[in-house]
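# Structural overview for review
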Amino acid sequence: MSLNPRLTDWQGRVVWLVGASTGIGRALGVALHARGATVVVSARSAAPLQAFVAQHPGSHAAPLDVTDREACASTAEALVAQLGGLDLVLSCAGTYQPMHATQFDLDVMLRHQQINVAGALNLIGAVMPSLLAQAQTGRGGHLSLVASVAGYRALPNALAYGHTKAALIHLAQSLHLDLSPRQLGVSLINPGFVDTPLTAQNGFTMPALQTPEQAAAAILHGWAQGDFEIHFPHRFSRVLKALGLLPTGSYEWLVRRATGLQ
Ligand SMILES: NC(=O)c1ccc[n+]([C@@H]2O[C@H](COP(=O)([O-])OP(=O)(O)OC[C@H]3O[C@@H](n4cnc5c(N)ncnc54)[C@H](OP(=O)(O)O)[C@@H]3O)[C@@H](O)[C@H]2O)c1
């Protein structure tokens, strides 16, 4: 059963990708532009956004810090006024710094909350009125949140990151419950490891590592299928899902054994 309207025809669709200066968001911008969408890319760094626009005619750059609630609201308002609506909004901005409980750093913890969780809320708050209004006219709309397989269950050195992604998973579930009867699509994207600036700091061999282009292809496939949760690669994400069902003792034993981390 399809849980969302299927997104297959991107020609002329307006897509706002927030967290798209690099990595997964940028790769999605490239793929959607190639399929005829009008792409708006946002992130804090203006230079890579301008470079994207120069390479992808007809696209737009909207530099933005998602922790700035007012900037999210004013940018959303300006984009709706300029482009006539938003067919897909992607919340992809994120930060990740490995942390173990023995190195607890409150500033780092709160920074993860502010970007990964409050940033997503600022964006959702900014676009919700226009998405709801659009749905009433029959145009529909789609909200997509990038969380992570790290949000399924605790993983080593993910103290600052993991709980923010767990929050996004729950948030997306609630949004889907409330919005899908109102003709708005909501999807949850849970990537495994993807080779981006975010993961470049990982000092271990990342299992089932994907390129950003592979991630973008998996996401486009999920949107076309009308999936609610888009997780990939399946050979990795399904293992983590299965592990997540285990009792705590067995789960922790297996994770420590697999990673060699205490
Ligand atoms: N790579 C992986 O293995 C992996 C796995 C699971 C989930 N994810 C998630 O996928 C998303 C994209 O990550 P990525 O791997 O593609 O990493 P990335 O290349 O580092 O992309 C992160 C994006 O977020 C933007 N960003 C960060 N803080 C921001 C802020 N305060 N306001 C606006 N934009 C901000 C960054 O641009 P600026 O710095 O210019 O603002 C960049 O465009 C993240 O939510 C991440 O948690 C990644």
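Residues numbered from 1 in each chain as written. Predicted model: local features only at pLDDT ≥ 70, side-chain atom pairs only at ≥ 80, totals over all residues. Heavy atoms only, no water.

Quick note on the threshold: UniProt positions are given in the numbering used here, feature names are shortened, and annotations may be inferred rather than shown by experiment.
For the protein, the name recorded in an unreviewed UniProt entry is SDR family NAD(P)-dependent oxidoreductase, with Ideonella margarita as its organism. As its UniProt record puts it under Sequence similarities (unreviewed entry), the protein is described as follows: "Belongs to the short-chain dehydrogenases/reductases (SDR) family."

### Quick look at the packing of helix H3 (residues 69–83) against helix H4 (residues 106–137)
Heads up, the condition is: Only C-alpha atoms enter the line fits that serve as axes; for helices the fit covers just the stretch in contact. Angles between N-to-C directions range over 0 to 180 degrees. The way it works is that DSSP assigns letters per residue, a run of H or I at least four long becomes a helix, a run of E at least two long becomes a strand, and they are numbered from the N terminus. By definition, any crossing whose near helix is turned counterclockwise from its far helix by less than a right angle is left-handed, and any crossing with a clockwise turn is right-handed. A contact between two residues is defined here by any heavy atoms of the two lying within 4.5 Å. Note on residue categories: nonpolar means Ala, Val, Leu, Ile, Met, Phe, Trp, Tyr, Cys or Pro, charged means Asp, Glu, Lys or Arg, and polar means any other residue, Gly included.
Remark: H3 packs on H4, axes separated minimally by 8 Å, with the N-to-C direction vectors making an angle of 30°. In the crossing of H3 with H4, the sense of the turn from one axis to the other is right-handed. Contacts between H3 and H4 involve Arg69, Cys72, Ala73, Ala76 and Val80 on the former and, on the latter, Asn122, Leu123, Ala126, Val127 and Ser130. Residues belonging to the contact of H3 with H4 are distributed by class as follows: seven nonpolar, two polar and one charged.

### Here's the deal with the packing of aromatic side chains
Using the following cut-off: Classification of ring pairs uses Phe, Tyr and Trp, with its six-membered ring standing for Trp, and accepts pairs whose centres are within 6.5 Å; under 30 degrees between planes counts as stacked, over 60 as edge-to-face, and the remaining range as tilted. Here the term buried applies to any residue with accessible area under 20% of the maximum for its type, exposed to any over 50%, and partly exposed to those in between, with areas from a 1.4 Å probe on protein chains only. Counted as over-ring charges are cases with an Arg CZ or a Lys NZ within 6 Å of the ring centre that also lie within 35 degrees of the ring normal.
Following the criterion strictly, the structure yields four aromatic pairs and no others. Between Trp10 and Trp223, the ring centres sit 5.6 Å apart and the planes meet at 55°, which makes this aromatic pair tilted. In this pair, Trp10 is assigned in the segment before strand S1 (14–18) and Trp223 in helix H6 (residues 212–225), connecting sequence segments 213 residues apart. Taking 5.0 Å as the distance between ring centres and 65° as the angle between the ring planes, the aromatic pair formed by Tyr96 and Tyr161 counts as edge-to-face. Pair noted here: Tyr96 is in the loop between strand S4 (88–91) and H4 and Tyr161 is in the loop between strand S5 (142–146) and helix H5 (162–179), with a separation of 65 residues, a long-range link. The burial state of Tyr96 is the same as that of Tyr161; both residues are buried. Here a set of aromatic residues connected by ring pairs shows up, and it is made of Phe193, Phe204 and Phe236. The aromatic ring of Tyr251 is capped on one face by Arg153, whose charged end is 4.2 Å from the ring centroid.

### Here's the deal with the layout of surface pockets
Put simply, the test is: Only protein atoms enter the 1 Å grid used here. Points where a 1.4 Å probe fits but cannot escape make up a cavity, open sets with protein on both sides within 12 Å along at least five of seven lines make up a pocket, and a residue lines them when an atom lies within 4 Å of a point. Grid points are joined across faces, edges and corners, and a volume is the space filled by probe spheres set on the points.
Taken as a whole, the second largest pocket holds about 350 Å³ of empty space. Lining the second largest pocket we find 17 residues, and of these Ala154, Leu155, Pro156, Glu252 and Arg256 sit closest to its centre. Its residues assigned to classes, the lining of the second largest pocket comprises ten nonpolar, four polar and three charged.

### Notes on empty space enclosed by the protein
Overall, the coordinates contain two cavities of 30 Å³ or more when judged by the stated rule. There is about 40 Å³ of room inside the largest cavity. In terms of lining, the largest cavity is formed by Val149, Tyr152, Arg153, Leu155, Leu240, Gly244 and Tyr251. Its residues placed into classes, the lining of the largest cavity shows five nonpolar, one polar and one charged. In terms of lining residues, the second largest cavity is bounded by Val18, Val66, Ser91, Ala93, Ile115, Asn116, Gly119, Ala120 and Leu123. When residues in the lining of the second largest cavity are grouped by element, the largest group, five residues, is from H4. Taken together, the residues of the lining of the second largest cavity break down into six nonpolar, three polar and no charged.

### Re helix H1 (residues 23–34)
Basically, it comes down to this: The span one expects for a helix is its residue count, reduced by one, times 1.5 Å.
If you check H1, its first and last C-alpha atoms are 17 Å apart, about what twelve residues at 1.5 Å a residue would give, namely 16 Å. Counting buried positions along H1 yields nine of twelve residues, so the element is predominantly enclosed. Residues of H1 that are buried: Gly23, Ile24, Gly25, Ala27, Leu28, Gly29, Ala31, Leu32 and His33. On the buried face of H1, the contacting elements are S1, strand S2 (38–42), helix H2 (46–55), S4, strand S6 (185–191) and H6. Gly36 sits one or two positions beyond H1 and adopts a positive phi of about 95°.

### Side note on the environment of Leu209
For Leu209, the location among the structural elements is in the loop between S6 and H6. Sequence separation of Leu209 and Glu229 is 20 residues, and the distance between their C-alpha atoms is 19 Å. Those residues within four positions of Leu209 in sequence are excluded, and the remaining contacts are Phe193, Val194, Asp195 and Gln214.

### Comments concerning the packing of H4 against H5
To keep things clear, this is the line we draw: Angle categories are assigned with fixed cut-offs, so that under 35 degrees is roughly parallel, over 145 is roughly antiparallel, 65 to 115 is roughly perpendicular, and the rest are oblique.
Packing of H4 against H5 brings their axes to within 10 Å, and their N-to-C directions diverge by 15°. The orientation of H4 relative to H5 falls into the category roughly parallel. By crossing handedness, the relation of H4 to H5 is classed as right-handed. On H5, the residues that touch Met109, His112, Gln113, Asn116, Val117, Ala120, Leu121, Ile124, Met128 and Leu132 of H4 are His163, Thr164, Lys165, Ala167, Leu168, Leu171, Leu175 and Leu179. Split into classes, the residues belonging to the contact of H4 with H5 amount to twelve nonpolar, five polar and one charged.

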